[in-house]
Every structure is written in C-alpha cells, then in structure tokens.
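Coordinate analysis (summary)
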Amino acid sequence: MTVEVVKVEEETQKVDGVAATKEEPKTVTKCSSYKEESNFLSDLKEFERKALNEFKAKLEEAILGNSLLNKEEETIKKNEKAAAGGVVEKEKEAEKPVDEEAEQEEDKTPKEQIAQEVEKEAEKEEENNEAEGEEKCVEVDKDIALWGVPLLPSKGAEGIDVILLKFLRAREFKVNDALEMLKNTLQWRKGNKIDSILDEDLEVDLSSAAYMNGVDREGHPVCYNIYGVFESDELYQKTFGTEEKRGQFLRWRLRLMEQGIQKLDFKPGGISSLLQINDLKNAPVLAKKELRVATKQAVDLLQNNYPEFVARNIIINAPFWYYALNALISPFLTQRTKSKFVVARPAKVTEILLKYIPAEELPVQYGGFKRENDFEFSKEGDAVSEITLKAGSTETIEIQAPEIGTTITWDLTVLGWEVSYKEEFAPTDEGSYTIIVQKGKKMGSHEGPIRNTFKNNEAGKLVLTIDNASSKKKRVLYRYKTKNFSS
C-alpha cells in the first residue's frame, strides 16, 4: 500500500438549467488529459539523449569491471587483505632483533646486498602477478538483468532504454546519481532475494487490503490500496502486531508490486507503469502507529527501488486529516511529484475515477460496471454508452426485442443520481399491456450501478426512463446485451 500527501486537484461541475433536448448516445472514449513522457529516442530532448548515452557507457564499464554488484564486497576484501598483510609484516619486523639486523647488514658485501635487493623485487613482482591473476579469474556477470531486461548495454535489449530512463528521470537526469540508485536497487534486490519473491509462499494474505484489478483508459494496470480494512482489530493485529508480522506485510506488498510489473511492457511505446488508487475511507493511518510506520517503510522501499513506476496516484475518500497533513508536506514535494496526484472527495469519487478508468473496468463498489466472475459482458464487444441528462429533463433508453424469448441484460448508472428511474417493457401489439419491470422510484445520491435482466414473451421494447428534476445536468452511463433463446 502506498499513499503520499499532495496538492488537491478536484473536478467541478457547472449548473445547467437549459431545457432538455433529445440527443444521440455517444460511446465513452479514452481520456487524453494526461500523458507520460515518451520513451522513444527520437522524442527525447538533446540533454536527455546525452544523459542516456552517458549512463549506458558508465553502466557498461561497471558491469564489465565487475563493480555493479560486487563493489562493496571487493573493497572490503581488499581492505581486509591489506590490513592482514600489514599485521604480518609488522610481526615479522618485531621478531628480528635490531642489533642482529644491523650486524647482518654490516657483514654483507656490496654484491650480496645487491643480490638481496634483486630477490626482494622479484618477490614483489611475483605477488603482484598473483594478485592480477586472481582479479582475472573473477568471472564477469554479463547477464545481470532487472525485471527481465538484460542491463549490459552492448547486448542491445529492447527494454533497456525504458528501464534506464526511469532511473534518470527519478534523479533529474543526473547520470552519477542515477547509476548509484541503480546499483543500490540491484544490491537491495540481491540481498533481499526479490527476484524469487513471486515463488514464495507467504503466510500473510492481505488481498482485501491491496490488489490489482483491470486497466485504465491508457492501458495501465490498476492497483487498489484499501486502508479502511485495517479498522478491524483482528486484521490489524494479524498484520502489524509484531515486528515479524510487519516484515511479512512489507514482503507481501513488494510481491504485489512485482506481480503488477509482470503486466508491463518495457518496449518503447509500451505500458511501463501502473495507476495507483488509494482509498482512505475509514483509514486509521494517524491513529495507529504501527500502520503508519509500516506504510512509510513500504513507501520508502517502493520509491527507492521502483522509480517512475506510477503514472498517476489517485487519492479517494480523503478524510479531513489528510488535507491538514497535505498543507504541511506539499511545499516540500517537487512539481513532478505533485503533477501525478489527483484527490477526490467522497461525493466526487465515481466522477473522478471514471475520468481515468472506463466504466467496464471500474469495480462496481466505486460506481463502475465491473463485477467479480462476471460472464454477462465481455470487454471487447459490450461498449459503454453515455448520454447527458440536462437539468429538468427526461431521457429514455429503448432496447428493441423483436423476437419472443429474448433475454435482455443491462447495466446503468447516473453520476450523483438524485433522479427518478423506472423500467418498463412496451409490447409491439397495441392491445397488450405495458409490463412494469421496475416501478418508478427516487434514486438517492449514494445509489450504486443497476443491473437487471428481462426475458420477453412477446415482441416489443424495453424502455428505461430517467427523470432529472434537479438543477444540474447528469451523466448517464449504460450498456446492454440481448440474447435470443436460439443463440
């Protein structure tokens, strides 16, 4: 779970009192209100291309020089060897009586002294050759990879530019800083066995607290972080009761991140980042210290080792304390960080989320049409349509069912509701009676999406009627499918 404090960006809606006119429904299209930086070389600025090339050169040198992962280990070994050698020399010197050494030197002829010097030089040269031989015997790992992408630039892996640009952007294209960050990430992953984390059988199950579900309008996988579940004392103690349990929570959260990365494409032009939804409804973040500390640790680990993996962070159901904390922290955040965040108050959650996530991909609990194990609709063929319901107007949606035995299934939602709604089936035969499928009722602002099914016994049409008596226009989203008994 990750949550940060940022500047609030909220959507506003104008009041429209114009009389209603019938208009054709439109298909909901992709939102293009935000774009990530391009990873194509041709789109990079001159200084960015230069930094990327310099980064590649230094990375190649570090890998071939075997210093990318082993730098610290080699330094420690060299220091230990030097220290040990110094101790031995000192011990040898201490063993020799000073007077004896002086007498031996006096007894030697000039030829003997020269021979001794030559012998010492030969010994030093032999030691140096042995040291060089040891260094040459150290195997260079040219297969170092990160998230499945080989990092040796000369290998020309297709995703290497995208990976390196993440580290460069995280360090404002300062090459040395980006290289240091990459080294730290690789050493951290090696020390914590992150590359095998997907195969681990973790004891903790927190699927209700954070999970991957669907994609946004741009194709980014969406990760939902639900803080309110920790209101349960039982789950809280199970997750944060001891230091060991908090460690398991962090490892579980890292595994979820790695699972999300499996859905990404590091080719230039591919989707290489996630969309984060942080639901703070009933969140006990400030009240419970252990959760606050564990969350901070998770944020630090993700920021330090997964740079530029979040395309946008949406905070929903933000409580009052969030805004107070935001006012204190916001001045210390970079503009780049702030630009990735959107904050939605409870009354605007569905509206904001639908701006970034299509209704067919947004879970029903957030006002969308996506349901677990739903086999009624498919993403490919069942597009969501939208109509605008102006203030003081009534709209009808008609679904034709000319064949007897046709089953009609539909989803419908009105953003903010506060409208009257009814469902009827009108037979084609004028002598038949209209069938009330759902009698008219006032829909409150907290109503969720509607799903219903109707099977006709005679030819006709299903009529969905929405009456907006308010002074504000409304957005109506719907989709339907028909299935004949013979199909």
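In short, a report on the structure. (Residues numbered from 1 in each chain as written. Predicted model: local features only at pLDDT ≥ 70, side-chain atom pairs only at ≥ 80, totals over all residues. Heavy atoms only, no water.)

Some words on the overall build of the chain
Counted only if it meets this: To qualify as a helix, a DSSP run of H or I must reach at least 4 residues; to qualify as a strand, a run of E must reach at least 2; elements of each kind are numbered from the N terminus. Accessibility here uses a 1.4 Å probe with only protein chains present; expressed as a share of the type maximum, an area under 20% marks a residue as buried, one over 50% as exposed, and anything in between as partly exposed. By definition in these notes, contact holds between two residues if any of their heavy atoms fall within 4.5 Å. Each accessible area is a Shrake-Rupley result for a 1.4 Å probe, and residues are judged covered by the shown protein chains and nothing else.
Scanning the chain for helices and strands turns up 12 helices and 16 strands. Looking at the chain as a whole, 41% of its 487 residues qualify as buried. Sequence-distant contacts, at least 24 apart, represent 80% of the contacts inside the chain between residues at least 6 apart. Total accessible area computed for the chain in this model is approximately 27300 Å², and 49% of it derives from carbon and sulfur atoms.

Let's talk about the packing of aromatic side chains
Selection rule: Stacked, tilted and edge-to-face pairs are distinguished by plane angle, under 30 degrees for stacked and over 60 for edge-to-face with tilted covering the rest, among Phe, Tyr and Trp rings (Trp via its six-membered ring) whose centres lie within 6.5 Å.
Inspection of the entire model under this criterion finds 15 aromatic pairs. Look at Trp147 and Phe309: their rings are 4.8 Å apart centre to centre, the planes differ by 70 degrees, and that puts the pair in the edge-to-face class. On the criterion of sequence distance, the pair formed by Trp147 in the loop between β2 (145-146) and β3 (149-150) and Phe309 in the loop between α9 (289-305) and β7 (310-316) is long-range, its members being 162 residues apart. We note that Trp147, like Phe309, is buried.

A short note on the sheet that holds strand β15 (residues 460-468)
Heads up, the condition is: A pair of strands is considered paired only if DSSP assigns at least 2 bridges between the two. To obtain an axis, a line is fitted to C-alpha atoms, over the contacting stretch when the element is a helix, and the angle between two such axes runs from 0 to 180 degrees between their N-to-C directions.
On the basis of which strands lie adjacent, the open sheet formed by 4 strands has the order β10-β15-β12-β13 and antiparallel pairing. Unpaired on one side and paired on the other, β10 (393-401) and β13 (435-443) mark the two borders of the sheet. Taking the axes of each pair of neighbouring strands and ignoring which way they run, one obtains an average angle of 15 degrees across the sheet. Both strand β12 (residues 419-427) and β15 contribute to a ladder of 8 bridges, which runs antiparallel. Of the residues in β15, the one forming a bridge with Glu424 is Val463.

What about unusual backbone geometry?
You will see that Phe173, though not glycine, has its phi angle at about 60 degrees, which is positive. Within the fold, Phe173 resides in the loop between α5 (160-170) and α6 (175-191). With a phi angle near 50 degrees, Asn373 is a residue other than glycine that sits in the positive phi range. Within the secondary structure, Asn373 is located in the loop between α12 (349-356) and β9 (385-389).

Comments concerning the pattern of salt bridges
Filter applied, for reference: For this analysis, a salt bridge means a side-chain nitrogen from Lys or Arg found within 4 Å of a carboxyl oxygen belonging to Asp or Glu.
Summed over the entire model, instances satisfying the criterion amount to 17 salt bridges. The salt bridge partner of Lys296 is Asp300, with a shortest N-O separation of 3.0 Å. Highlighted residues: Lys296 and Asp300, both in helix α9, separated by 4 residues, approximately one helical turn. Taking the relative accessible area as the measure of exposure, Lys296 reaches 53% and is therefore exposed. Judged by its relative accessible area of 31%, Asp300 is partly exposed.

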